[in-house]
Each structure stands twice: as structure tokens, then as C-alpha cells.
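The primary structure of each chain is shown beneath.
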Amino acid sequence: MTLLVTGGAGFIGSNFVLDWLADAAAEPIVNLDALTYAGNRQNLAALEGDARHVFVHGDIGDRALLDRLLAEHRPRAVLHFAAESHVDRSIHGPGAFIKTNVEGTFTLLEAMRAYWSALEGDARAAWRFLHISTDEVYGSLASDAPAFTETHPYQPNSPYSASKAASDHLVRAWKHTYGLPVLTTNCSNNYGPFQFPEKLIPLMIVNALAGKPLPVYGDGMQVRDWLFVGDHCSAIRAVLAQGRCGEVYNIGGWNEQPNRDIVHTVCALLDELRPDPAGPYARLISHVKDRPGHDRRYAIDARKIERELGWRPAESFETGIRKTVQWYLSHADWVAAVQSGSYRDWVATNYAARG
Ligand code: NAD
Ligand code: TYD
């Protein structure tokens with residue numbers, strides 16, 4: 001028995017692979033990743049020499065490669081993490097999002113359909129395609145609106161969320177039309193180790209440590225629900241193990257907060273753990289021009305996964321954010337390695353437009 005993971009060198013995928021293989025009895029993983037700017041083999045360094053982890057450098061859009069991998073490894077399930085994942089990048093260059101998130105997911109589904117159709121008996125009945133998606137497909141909520149349930153209408157507003165919404169629709173249609181056994185999860189904002197420092201929390205940590213401005217878009221009162229990445233991984237395991245075939249599960253942290261509060265919490269933790277002689281880190285907060293089309297609020301109603309699968313997050317925001325800040329403080333080498341020339345180019349492009 002083997003799992004095929006796509007995008008397992010990225011933030012959430014690498015956390016999942018490491019968590020999964022931490023169990024000595026766990027099934028092996030074939031990890032297919034194109035190693036874009038967001039994919040990093042260093043995240044998986046702890047698995048060097050572990051025969052249960054087979055890393056394959058390749059693209060989900062490469063059908064011949066997918067067919068070869070399926071024939072060779074015969075996975076009993078596929079966990080699809082691979083995506084272009086950053087809203088700001090999707091604003092500057094939406095093409096890559098359509099290519100990977102829409103066309104890539106289509107190619108993957110077609111390869112899986114061919115493979116699954118040829119299975120028989122128990123192997124066919126137990127086979128699963130688990131599609132990892134986002135709460136952003138549901139669009140923006142008014143401040144007093146109820147949180148997103150699984151039946152909330154799709155109203156994506158950014159090129160990123162539109163491309164993920166399109167991929168969710170493809171997955172749904174492959175179940176409805178061809179019977180492919182799929183599961184979909186829509187999760188809120190993750191944070192934790194190995195997150196690329198273009199997303200809010202790691203960007204604030206690495207900028208603060210470098211004495212750089214902490215760029216808060218607009219008034220900083222946009223609300224997100226934040227979930228520690230280890231909790232997302234445990235939710236995915238629960239859905240894979242017991243999720244009802246064809247169902248959608250929303251995953252969230254019951255932790256809605258405006259960006260301004262998140263940034264102040266990060267600053268306060270850094271003040272405690274790595275005080276700056278120049279003064280409190282909050283002095284670096286700088287309000288910059290808002291993101292175009294910026295969604296005001298996301299909130300997840302995660303009652304279905306709790307009711308059906310007994311899952312709830314194990315970390316509170318206080319414990320999770322402390323672990324995260326400590327991880328970045330003790331992994332300066334990782335941060336330096338991912339802040340390559342291309343990363344610096346991106347930061348210059350994004351923030352030149354915001355001022
Ligand atoms: P990430 O950007 O850190 O990692 C994406 C990974 O996919 C990278 O390793 C990259 O190399 C790989 N990849 C990209 N294009 C590929 C392709 N064409 N073929 C093969 N591999 C490719 O993203 P993440 O934050 O780990 O997110 C993983 C998944 O979870 C995504 O589908 C994302 O939409 C979803 N998600 C993320 C969050 C979040 O807060 N980060 C929240 C909810 C859902
Ligand atoms: P981000 O981490 O990019 O996730 P998403 O856009 O997918 O929710 O951003 C989280 C929130 O933080 C979002 O409301 C935008 C805001 N933000 C800033 O204010 N400044 C920044 O530099 C970044 C990257 C994000």
C-alpha cells in the first residue's frame with residue numbers, strides 16, 4: 001500500500017509527509033513535486049535515506065509521468081496538495097495558477113480515472129482521491145455573516161481562489177460523471193514551520209528580525225481564520241481514513257482574527273523571545289496600499305468534520321503561534337536558503353506596487 005502525494009515539498013505537503021512518516025508503521029509515500037519557488041527539498045531533509053519516501057521531481061501536468069508512476073507504485077490513494085498558492089502572485093501573474101491549479105488538476109484527474117477504472121474488487125472500492133482546497137473559494141463574508149458551511153455558494157474573488165474553485169468543480173464533476181471516488185477539503189489559513197516567507201505570518205517574522213518594515217495591507221482589519229499546519233494534517237488524515245466518499249469537509253481553527261492583531265501578537269512574541277535593543281518590533285508596522293480585490297473576512301464552520309469524524313484542532317492559537325515563532329528563530333539557515341535572488345525579485349515587484 002502506497003500513497004501518492006502531489007506538492008509534498010511545499011509548506012503543507014511537507015508537513016503532511018513528515019507527520020505521516022513519523023509513524024514507523026506508516027505506508028510509504030511517493031512525493032511528486034515540480035519544485036517551483038515554493039517547493040523545497042530541504043523541508044524533507046529528515047527523510048534522507050528513508051526508503052519509505054520516494055521523491056519524484058516532476059509536474060502534475062505531465063501525463064506520461066503520471067501514468068508511469070501509477071503503474072510502478074500502484075497507490076491506494078492520492079493526496080493532491082500541489083498548487084500555486086499565493087494570492088498576491090496570482091494578481092501579478094495569473095497564468096501559472098490556471099496552468100497548475102486548473103489544467104494540472106484536470107490532467108491528474110484524467111490519469112487517476114484511467115488508473116482507477118482498471119482496478120477491481122476491494123482495491124477499486126477503497127481507492128480515494130483527496131483534493132486539498134481552500135476556504136477562499138467561498139468569497140468574502142460580511143462582519144456579521146455566519147461562517148462558511150460546506151454548502152455556501154462559490155464566489156471566488158482572486159485569480160488564486162477562482163483557479164482553486166475551478167479545480168474543486170472539476171473534482172466534483174469527475175465524481176458525479178465518472179464515479180471517481182473523491183474527497184474534498186476546504187481549509188482556512190494555515191501557519192507553522194516551513195511556510196514560505198511571502199505569506200503574512202512568516203513574512204512578519206523574517207522582516208521583523210531583519211529590522212525591515214512590516215507591511216500591513218489597508219487598515220489591517222481583514223479577518224482570517226488561522227489553523228496550525230499540524231492540525232490541518234491531522235484533519236486530512238481523518239478525512240482520508242473515514243471521510244464519506246464524495247463529501248466536502250471544511251477545516252478551520254475556530255480562530256478568527258484581524259490581521260492587525262496577528263501582527264501585534266507576532267511582534268509581542270519576538271519582543272519576549274528575541275528582544276531588539278532598538279525597541280519593540282511593533283514600531284516597524286507600516287500600513288501600505290491595500291491588495292486589489294482584498295477579501296474582507298473568511299470564517300469556517302468546522303462542525304461537520306467534528307460531528308462526522310470527531311476532528312477538532314489540538315493547538316490553540318497561543319500555543320501554535322509560539323511554536324511557529326520559535327521554529328523560525330531556530331531555523332535561520334532555512335530562511336536564508338529560501339530567500340534567494342528570485343525571492344528578492346518578487347518582494348521588490350509586489351511591494352513596489354503598494355508603496
Ligand atoms: P505551497 O505553495 O507552499 O506549496 C505548493 C507545492 O506544490 C510546492 O512544493 C510546489 O513546488 C508544488 N507545485 C506547484 N506547481 C506544481 C506542479 N505543476 N506540479 C507539481 N508540483 C507543483 O502551498 P501550501 O501552502 O503548502 O498549500 C498546499 C495546498 O493547500 C494548496 O492546494 C493550497 O491551495 C491549499 N491550501 C493552503 C492553505 C494555506 O494557508 N497555505 C490553506 C488552505 C488550503
Ligand atoms: P496571506 O498570508 O497572503 O493569505 P491569504 O491572502 O491567502 O489569506 O494573507 C493573509 C492576510 O494578510 C490577508 O488578509 C492579506 C494580509 N497581508 C498583509 O496585510 N500584508 C502582507 O504583506 C501579506 C503577505 C498579507
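Here the structure is shown first, and the text comes after it.
Just so you know, these numbers come straight off a predicted model, no measurement behind them.

K.L.:
Which residues make up the site of ligand 2, and what are the values?
P.N.:
Taken together, 18 residues lie around ligand 2, and Glu136, Pro215, Arg291, His294 and Tyr351 are the ones closest in. Between ligand 2 and Arg224, the relevant distance is 2.8 Å, taken from an oxygen atom to a side-chain nitrogen or oxygen of the residue. The side chain of Asn259 places a nitrogen or oxygen atom 2.9 Å from an oxygen atom of ligand 2. Per element, the largest residue contribution to the shell around ligand 2 is 3 residues, and it comes from strand β8 (residues 214-217). Each residue belonging to the shell around ligand 2 can be placed in one class, and the counts come to 7 nonpolar, 5 polar and 6 charged.

K.L.:
How would you explain the pattern of salt bridges if you had to name every residue and give the values?
P.N.:
The tally for this structure, following the rule as stated, stands at 17 salt bridges. The partner of Arg89 in a salt bridge is Glu198, with the nearest N and O atoms 2.6 Å apart. With a gap of 109 residues between them, Arg89 in helix α3 (residues 87-92) and Glu198 in the loop between β7 (189-191) and α7 (200-209) connect regions that are remote in the sequence. Among the residues examined, Arg89 registers a relative accessible area of 16% and is labelled buried. Accessibility expressed as a relative area gives 6% for Glu198, which makes it buried.

K.L.:
Could you give an account of the pairing of strand β6 (residues 182-187), with specific residues and numbers?
P.N.:
With respect to burial, β6 is a largely interior element, 6 of its 6 residues being buried. What you see with β6 is no split at all: Val182, Thr184 and Asn186 on one side and Leu183, Thr185 and Cys187 on the other are buried throughout. Relative to β6, strand β5 (residues 128-134) is paired through 6 bridges, and the arrangement is parallel. Bridging across to β6, Ser133 finds its partner in Asn186. Where β6 lies against strand β10 (residues 248-251), 4 bridges are found, and the strand directions are parallel. Across the sheet, the residue bridging to Cys187 is Ile251, located in β10.

K.L.:
How would you explain the nonpolar core if you had to name every residue and give the values?
P.N.:
With 71 residues, the main nonpolar core has Leu79 and Ile305 as its most contacted residues. Residues Leu32, Val56, Ile60 and Leu65 belong to the second largest nonpolar core, which totals 26 residues.

K.L.:
Run through the state of the cysteines, naming residues and quoting values.
P.N.:
In total, this model carries 0 disulfides according to the counting rule given. With no disulfide of its own, Cys187 has Cys233 as its nearest cysteine by sulfur position, at a separation of 9.5 Å. A residue is classified by how much of its surface remains accessible, and Cys187, at 3% relative accessible area, is buried.

K.L.:
So what's going on with the site of ligand 1? Which residues, and what values?
P.N.:
In the vicinity of ligand 1 lie 28 residues, with Ile12, Asp33, Ser85, Tyr160 and Lys164 positioned nearest. In this structure, Asp33 approaches ligand 1 through a side-chain N or O atom, which is 2.6 Å from an oxygen atom. A distance of 3.0 Å separates an oxygen atom of ligand 1 from a polar atom in the backbone of Phe81. For ligand 1, whose accessible area on its own is 830 Å², the fraction buried by protein is 97%. Where the shell around ligand 1 is concerned, the elements lending two or more residues are α1 (11-21), β5, α6 (159-178) and β7. Looking at the shell around ligand 1 element by element, the count peaks at 3 residues for β5. Partitioned by chemical class, the residues of the shell around ligand 1 number 13 nonpolar, 12 polar and 3 charged.

K.L.:
Give me the lowdown on the sheet that holds strand β3 (residues 53-57), citing residues and values where you can.
P.N.:
Pairing in this open sheet of 7 strands is parallel, and the strands run β3-β2-β1-β4-β5-β6-β10 from one edge to the other. At either margin of the open sheet sits one strand with a lone partner, and together these are β3 and β10. Going across the sheet, the axis of each strand differs from the next one's by a mean of 20 degrees, ignoring polarity. Across the sheet, helix α2 (residues 63-73) touches β1 (3-6), β2 (29-33) and β3, and the angle it forms with β2 is around 175 degrees. Packed on one face of the sheet, helix α8 (residues 229-242) meets β1, β4 (77-80), β5, β6 and β10 and runs near 145 degrees to β5.

Conventions adopted
Residues numbered from 1 in each chain as written. Chains lettered and ligands numbered in written order. Predicted model: local features only at pLDDT ≥ 70, side-chain atom pairs only at ≥ 80, totals over all residues. Heavy atoms only, no water. Near = heavy atom within 4 Å. Polar contact = N/O pair within 3.5 Å; in protein donor to acceptor, adjacent residues only side chain to side chain. Helix = DSSP H or I, 4+ residues; strand = E, 2+ residues; numbered from the N terminus. Nonpolar A, V, L, I, M, F, W, Y, C, P; charged D, E, K, R; others polar. Salt bridge = Lys/Arg side-chain N within 4 Å of Asp/Glu carboxyl O. Buried < 20%, exposed > 50% of the residue type's maximum accessible area, 1.4 Å probe, protein only. Pairing = 2+ DSSP bridges. Core = buried A, V, L, I, M, F, W, Y, C linked by side-chain atoms within 4.5 Å. Disulfide = S-S within 2.5 Å. Areas by Shrake-Rupley, 256 points an atom, 1.4 Å probe, with all protein chains shown as cover. Axes fitted to C-alpha atoms, helices over the stretch in contact; angles between N-to-C directions. Contact = heavy atoms within 4.5 Å.

Don't take any of this as a statement about function, it's just geometry.
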